[in-house]
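# Examining the three-dimensional arrangement
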Amino acid sequence: MPGASSNLGGSLLGALLISACTGNPRTEPACDVVIISIDTVRADALTFEDRKVSPHLCDLAERGVVFDQAIAGSSWTLPSHAELFTGLPPILHGVHDDGRRIDPLHATLGERLGALGMHTAGVFSGWFLAGAYGFGRGFDSYRCALADEPAADQALARALETGGTAALWARDMRGFASHLDVSSARVVELAEQAILEAPDDQRLALFVHFFDPHHDFIPPSPFDTHFDPDYEGEMTGDGYWNNPSIFDPTLDSGRIVSDRDL
């Protein structure tokens, strides 16, 4: 992720939806719960006020409550989501690097919501949210929206079980498909499927994770020109991480691209 804003967006929306519930949530959930995490969206870019950015979230925010002082305890995807799922800051949940999993002694979001009698479903699209890290615990279904699943999921689980890291696993799998794949449409498809599969006699708790705003940023048309339709340069979000014109540690400025290109 860099930045906590992905989880900030997810936490805000989750809190907004949960706040609409009535009754005693400890004993009898009185509403469905949807938590959406949008990986690597800056908090100042997703304010729930700009309809050009997020028209549907703006509509939802107008009917609920938006918290603008929600702060994640870490700067990247894995520990931030471990915090979201356990309610514990990184210093307590201990998931500081990509070779660590959530301790089974820490109850997770899925386990707590399932214990309330809710039907739990999750959809993720970035490998740091894989079930092998413990995020799938307590979910009746926890599905990956990436093209290289399930083989990659099994390989990651084996790597973690043997003391390996996601970096080594990614090298063996030829990189993180989540950085090269456009997965949002598949995320929505699986989320809709989860809703349709939910039992009629249970409340639904649904977790949905979007990764496409993360690098590489390769949105389909018309979103690729949505925010700067007059741009005629050659810069795209493809290959962002390894593009030396964007960041070169040997240069004093760090980059050679123009402000407009950046």
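For the structure, check the block above.
Residues numbered from 1 in each chain as written. Predicted model: local features only at pLDDT ≥ 70, side-chain atom pairs only at ≥ 80, totals over all residues. Heavy atoms only, no water.

### Here we look at helix H8 (residues 184-197)
Cut-off, in case you're wondering: For the purposes of this entry, the term helix denotes a DSSP run of H or I that reaches at least four residues, the term strand denotes a run of E that reaches at least two, and both are numbered from the N terminus. A helix is expected to reach a length of 1.5 Å times the quantity of its residues less one. Buried means the residue's accessible area, taken with a 1.4 Å probe over protein chains only, is under 20% of the maximum for its type, while exposed means over 50%, and partly exposed covers the values in between. The directions considered for the arc run from the helix axis to the C-beta atoms. Any two residues whose heavy atoms approach within 4.5 Å at even a single point are treated as in contact.
Between its first and last C-alpha, H8 extends 20 Å over 14 residues, near the 20 Å set by a 1.5 Å rise per residue. Buried within H8 are the following residues: Val187, Leu190, Ala191 and Ala194. For H8, the angular spread of the buried residues around the axis is 105°, confining them to a single face. Away from its buried face, by an angle of more than 90 degrees, H8 presents the exposed residues Ala185 and Leu196. Tucked inside the fold, the buried residues of H8 contact strand S2 (119-124), strand S3 (141-144) and strand S4 (204-210).

### Side note on the nonpolar core
Put simply, the test is: Here the nonpolar core consists of buried residues drawn from Ala, Val, Leu, Ile, Met, Phe, Trp, Tyr and Cys, with membership extended through side-chain atoms lying within 4.5 Å.
Phe124, Trp127, Tyr133, Phe135, Tyr142, Leu156 and Phe207 are the most contacted members of the largest nonpolar core, which totals 29 residues. Among the elements of the structure, strand S1 (33-38), helix H3 (77-86), helix H5 (109-115), S3, helix H6 (151-161) and S4 are those that each provide at least two residues to this core. Once residues within four sequence positions are removed from consideration, tyrosine 133 is found in contact with Leu78, Asp98, Arg100, Arg101, Ile102, Trp127, Phe128, Leu156, Leu160 and Ala166. Ile36, Phe48, Ala145 and Leu206 belong to the second-largest nonpolar core, a separate cluster that totals 19 residues.

### Focus on the pairing of S2
Selection rule: In this description, strands pair whenever DSSP reports at least two bridges between them.
In terms of residue burial, S2 counts as a mostly covered element, since six of its six residues are buried. Alternating residues of S2 divide into His119, Ala121 and Val123 and Thr120, Gly122 and Phe124, and every residue in both groups is buried. Where S2 meets S4, five bridges bridge the pair, whose relative direction is parallel. Bridge pairing in S4 places glycine 122 opposite phenylalanine 207.

### So, the environment of threonine 86
For threonine 86, the position within the fold is in helix H3. When the C-alpha positions of threonine 86 and aspartate 103 are compared, they lie 9.9 Å apart, and in sequence the two are 17 residues distant. In this view, threonine 86 contacts His93, Ile102, His106 and Ala107; residues no more than four positions away in its chain are not counted.

### Thoughts on the sheet that holds S4
Test applied: Helix axes use the C-alpha atoms of the stretch in contact, all axes being lines fitted to C-alpha atoms, and the angles between their N-to-C directions lie in the range 0 to 180 degrees.
The four strands lie next to each other as S1-S4-S2-S3, forming an open sheet whose pairing is parallel. Of all strands in the sheet, those with a lone pairing partner are S1 and S3, marking the two edges. Across the sheet, the mean angle separating the axes of adjacent strands is 10° when strand polarity is ignored. Here H8 sits on the sheet in contact with S2, S3 and S4, set at roughly 175° to S4.

### Thoughts on the environment of serine 125
Keep this limit in mind: Whenever two N or O atoms come within 3.5 Å, that pair is a polar contact, provided that in protein one can donate a hydrogen and the other can accept it, and provided that, for residues adjacent in sequence, both atoms are side-chain atoms.
Here serine 125 is to be found in the loop between S2 and S3. For the pair serine 125 and valine 182, spaced 57 residues apart in sequence, the C-alpha separation works out to 9.3 Å. Reaching out from serine 125, the side chain makes a polar contact with the backbone oxygen of histidine 209 at a distance of 2.7 Å. There is a polar contact of 3.1 Å between the side chain of serine 125 and the backbone nitrogen of phenylalanine 211.

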